[in-house]
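Letter by letter, the chains look like this.
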Amino acid sequence: MLKIRDNMDLNVLEKYGFKEYNDCWQRDYNNDYATNIYKDTKEIIKVDYEWSFLENKYYKNSTYKINDLIKDGLVEKVEE
């Protein structure tokens, strides 16, 4: 699973186009899907609107649409 590093302040996600909600930070992509980063676990989740509304799909090893976060050293891979 991919997640934001524990020592990172999630408020930095705003500069990457994420918006803050109650339990997560979210970046939407043309209402097809979104990237969620949950505040409590810092897990990076893909929410796919095509398959079913708000069905969570884990990125696993994919770097789809989070290359900017990876490049800047915000993401780490952890064993499930």
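Notes on the structure follow.

Reading the values: the criteria
- Residues numbered from 1 in each chain as written.
- Predicted model: local features only at pLDDT ≥ 70, side-chain atom pairs only at ≥ 80, totals over all residues.
- Heavy atoms only, no water.
- Helix = DSSP H or I, 4+ residues; strand = E, 2+ residues; numbered from the N terminus.
- Buried < 20%, exposed > 50% of the residue type's maximum accessible area, 1.4 Å probe, protein only.
- Areas by Shrake-Rupley, 256 points an atom, 1.4 Å probe, with all protein chains shown as cover.
- Core = buried A, V, L, I, M, F, W, Y, C linked by side-chain atoms within 4.5 Å.
- Contact = heavy atoms within 4.5 Å.

## Section: the overall build of the chain
- In terms of helices and strands, the chain carries one helix and seven strands.
- Start at the N end of the chain and walk to the C end: the helices and strands fall as β-β-β-β-β-β-α-β.
- The buried share among the 80 residues of the chain stands at 39%.
- Taken as a whole, the chain presents about 5200 Å² of accessible surface, with 45% of it coming from carbon and sulfur.

## What to know about the nonpolar core
- Membership of the largest hydrophobic core comes to 13 residues, with the highest contact counts inside it found for I4, L13, F18, I37, I44 and L69.
- Residues in contact with L13, not counting those within four places in the same chain, are I4, F18, W25, I37 and L69.

## A closer look at the environment of L13
- Residue position: L13 is located in the loop between β1 (2-4) and β2 (19-20).
- Sequence separation of L13 and L74 is 61 residues, and the distance between their C-alpha atoms is 9.5 Å.

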